[in-house]
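# Overview (structure and organization)
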Amino acid sequence: MSTTRKEYAVAVAGATGAVGGAMLEVLERKNFPLRELRLLASERSVGKKLTFRGEEIAVQQLTKDAFQGIDIALFSAGGDRSLEFAPAAAGAGAIVVDNSSAFRMDPEIPLVVPEVNPHAIAGYKKRGIIANPNCSTIQMLVALKPIYDKVGIRRIVVSTYQAVSGTGAKAIVELQNQIMAYAEGRPLEAKVYPHQIAFNCLPQIDSFLDNGYTKEEMKMVNETRKIFEDPAIGVTATTVRVPVFYGHSESVNIETKTKITAEEVKQLLAGAPGVSLVDEPKNGVYPMAIDCAGKFETLVGRIREDESIANGINLWVVSDNILKGAALNAVQIAEKLIAEHI
């Protein structure tokens with residue numbers, strides 16, 4: 001007896017951007033069951049053609065009326081456009097998966113990492129919207145979830161080393177231009193960032209708040225608590241922009257509620273969903289940003305016990321910030337939706 005797989009109409013809002021393009025790549029790589037793919041962007045991109053599964057599809061204008069007949073709308077058009085158009089998409093009957101920060105901390109909107117809290121997806125019914133977390137939060141929680149479930153986590157201290165692609169295409173060009181200017185002995189111009197990024201590290205991502213943290217750092221704090229559904233967990237973050245094009249790296253230190261050894265952590269993560277264990281430091285094998293590009297998995301290594309406290313573990317976590325940090329996570333949410341909810 002043969003069965004026909006149901007197919008869905010999917011819209012990508014912000015299709016011409018870096019994350020929008022990655023969403024198309026992921027939909028293709030995963031052979032997502034599509035009845036229709038509608039590409040939406042700002043007026044200046046209307047008519048531009050993007051290739052998907054060997055066919056060219058023309059970009060249409062992102063408007064409030066552009067979502068009729070759409071089942072799932074993947075948004076990566078920026079927070080302002082999400083606030084303007086996502087409710088309209090939901091009102092037209094689409095389920096929105098939004099990649100911006102616009103809805104993440106809204107108590108009525110689920111904030112989801114499929115490997116971590118897939119049960120939360122069911123909450124989409126309240127507003128028709130699901131939020132994608134911050135890229136740095138996603139990769140950290142994919143790595144920590146198995147440990148959290150096994151022994152509990154009391155406190156997280158994380159320092160991030162984030163690629164310029166997290167800022168966007170202009171930041172990539174700025175790093176390229178600064179590297180070329182340096183090589184040619186010309187002055188280096190900084191327009192996207194407040195300081196030179198080439199051969200430098202900037203301990204600022206987003207603007208500073210009254211408590212001395214940046215918005216990016218507090219996103220990691222607040223999103224972790226929401227996703228783990230654990231308002232008591234201690235989280236402190238320092239987020240740093242580094243002269244790397246793609247791939248965010250994180251140094252993560254945790255204090256667990258009960259003792260777990262480094263070897264036990266390795267065994268947990270070796271079979272964890274979405275994780276690739278890369279941990280043979282004596283052989284020079286550990287996660288690196290240059291190795292994560294294009295990979296769906298979050299790479300974890302340098303796992304060792306923190307000798308300064310009784311229940312401490314250190315990890316080094318690396319992931320493709322455009323894929324798992326954005327596009328892939330959104331498509332995985334869509335996969336869970338069609339498998340279990342619609």
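A few points on the structure. Every residue gets a number counted from 1 within its own chain, in the order that chain's sequence is written. Reporting of local features is limited, given that this is a predicted model, to residues whose pLDDT is at least 70; pairs of side-chain atoms are given and counted only at 80 or more, and all residues count toward the totals for whole chains, interfaces and linings. Here the side-chain values reflect all heavy atoms present in the structure, with hydrogen atoms and water set aside.

Let us look at unusual backbone geometry. What you tend to see is this: most non-glycine residues have negative phi, and most peptide bonds are trans. We note that Phe-199 has phi near 60 degrees; this positive angle belongs to a residue other than glycine. Considering the arrangement of structural elements, one finds Phe-199 in the loop between helix 4 (169–183) and helix 5 (215–228). One non-glycine residue with positive phi stands out, namely Glu-229, at about 55 degrees. Residue placement: Glu-229 occurs in the loop between helix 5 and strand 10 (234–241). Taking relative accessible area as the criterion, Glu-229 reaches 53% and is therefore assigned exposed. Where helices and strands are cited, they refer to DSSP runs of H or I of at least four residues and of E of at least two residues respectively, numbered from the N terminus. The cut-offs for exposure are 20% and 50% of the maximum accessible area for each residue type, with area from a 1.4 Å probe on protein chains only; residues under the lower value are buried, those over the upper are exposed, and the others partly exposed.

Okay, the side chain of Asn-134 next. The topology assignment puts Asn-134 in the loop between strand 8 (129–131) and helix 3 (135–151). By definition, residues are in contact when any of their heavy atoms lie within 4.5 Å. If near-sequence neighbours (up to four positions away) are discounted, Asn-134 is found in contact with Arg-104, Glu-216, Lys-219 and Glu-223.

Salt bridges are counted wherever a side-chain nitrogen of Lys or Arg sits within 4 Å of a carboxyl oxygen of Asp or Glu. Per the stated rule, a full pass over the model turns up 17 salt bridges. Between Arg-35 and Asp-71 there is a salt bridge, with its nearest N and O atoms 3.5 Å apart. On the criterion of sequence distance, the pair formed by Arg-35 in strand 2 (residues 34–41) and Asp-71 in the loop between strand 5 (60–61) and strand 6 (72–75) is long-range, its members being 36 residues apart. Note that Lys-259 and Glu-305 form a salt bridge whose closest N and O atoms lie 3.1 Å from each other. Residue Lys-259 is located in the loop between strand 11 (248–256) and helix 6 (262–270), and its partner Glu-305 is located in strand 13 (residues 298–306); the two are separated by 46 residues in the primary sequence. In this structure Lys-259 comes out as partly exposed when scored by relative accessible area, which is 43%. Given a relative accessible area of 34%, Glu-305 falls into the partly exposed group. Each of the salt bridges in this network shares a partner with another, and the network as a whole consists of Asp-106, Glu-108 and Arg-127.

For two strands to be treated as a pair, DSSP must find at least two bridges joining them. Reading across from one edge, 5-2-1-6-7-8 is the order of the six strands in this open sheet, with parallel pairing throughout. In this open sheet, the two edge strands, each paired with only one partner strand, are strand 5 and strand 8. In the sheet, strand 1 (residues 8–13) pairs with strand 6 via four bridges, with the strands oriented parallel. Bridge pairing in strand 6 links Val-12 to Leu-74.

Nonpolar cores were defined as sets of buried Ala, Val, Leu, Ile, Met, Phe, Trp, Tyr and Cys residues, with membership established by side-chain atoms within 4.5 Å. Core analysis: the largest hydrophobic core is formed by 57 residues, its most contacted members being Leu-144, Ile-156 and Leu-315. Broken down by element, this core gets its largest block of residues, nine residues, from helix 3. When near neighbours in sequence (up to four residues on either side) are disregarded, Ile-156 contacts Met-140, Leu-144, Thr-224, Ile-233, Gly-234, Val-235, Thr-236, Val-252, Asn-253 and Ile-254. Counting residues in hydrophobic clusters, the runner-up holds 39 residues, among them Phe-32, Leu-39, Leu-50 and Ala-120.

For the rest of this paragraph, the subject is the pairing of strand 3 (residues 49–52). Only one face of strand 3 is buried, namely the one carrying Leu-50 and Phe-52, since none of Lys-49 and Thr-51 on the opposite face is buried. Here strand 3 pairs with strand 4 (residues 55–58) via four bridges, running antiparallel. When the bridges of strand 4 are listed, Phe-52 appears paired with Glu-55. Hairpin remark: strand 3 followed by strand 4, antiparallel, with two residues in the connecting loop; positive phi at Arg-53, about 50 degrees.

Note on placement: Gln-332 falls in helix 8 (residues 323–340). With relative accessibility at 14%, the residue Gln-332 sits in the buried group. Sequence-wise, Gln-332 and Glu-115 are 217 residues apart; in three dimensions their C-alpha atoms are separated by 9.2 Å. The contacts of Gln-332, once residues within four sequence positions are left out, are Lys-30, Pro-114, Glu-115 and Lys-324. Between N or O atoms, a polar contact is any pair within 3.5 Å; within protein, one atom must be a potential hydrogen donor and the other a potential acceptor, and residues adjacent in sequence are included only when both atoms are from side chains. Here the side chain of Gln-332 touches Lys-324 through a polar contact of 2.5 Å, side chain to side chain.

Take the sheet that holds strand 13 next. On the basis of which strands lie adjacent, the open sheet formed by six strands has the order 10-9-11-14-13-12 and mixed pairing. The open sheet terminates on both sides in strands that have one partner only, identified here as strand 10 and strand 12 (275–277). If you compare each strand with its neighbour and ignore which way they point, the axes differ by 25 degrees on average. In this structure, strand 9 (residues 153–162) lies alongside strand 10, joined through eight bridges in parallel fashion. Bridge assignment links Ser-159 to a residue of strand 10, and that residue is Thr-238. The strands touched by helix 5 are strand 9, strand 10 and strand 11; relative to strand 10, the strand with the most contacts, the crossing angle is about 145 degrees. Note on geometry: axes are C-alpha line fits, over the in-contact stretch for helices, and angles between N-to-C directions span 0 to 180 degrees.

Each Phe, Tyr or Trp ring (for Trp, its six-membered ring) is paired with any other whose centre lies within 6.5 Å, and the angle between the two planes then decides the class: stacked below 30 degrees, edge-to-face above 60, tilted in between. This structure, assessed with the given rule, holds four aromatic pairs. When the ring of Phe-67 is compared with that of Phe-75, the centres are 5.6 Å apart and the planes differ by 20 degrees; the resulting orientation is stacked. As far as the burial class goes, Phe-67 and Phe-75 line up, both buried. The interplanar angle of 15 degrees and the centroid separation of 4.1 Å between the aromatic rings of Tyr-148 and Phe-228 together place this pair among those described as stacked. Of this pair, Tyr-148 sits in helix 3 while Phe-228 sits in helix 5, and the two are 80 residues apart along the sequence. Tyr-148 sits in the buried class, given a relative accessible area of 18%. Given the relative accessible area of 7%, Phe-228 is considered buried. Ring-over charges, as used throughout, are those where CZ of Arg or NZ of Lys falls within 6 Å of the ring centre and within 35 degrees of the ring normal. Sitting over the ring of Phe-296, Arg-29 keeps its end group 3.9 Å from the ring centre.

Such coordinate-based values are descriptive only and should not be taken to indicate function.
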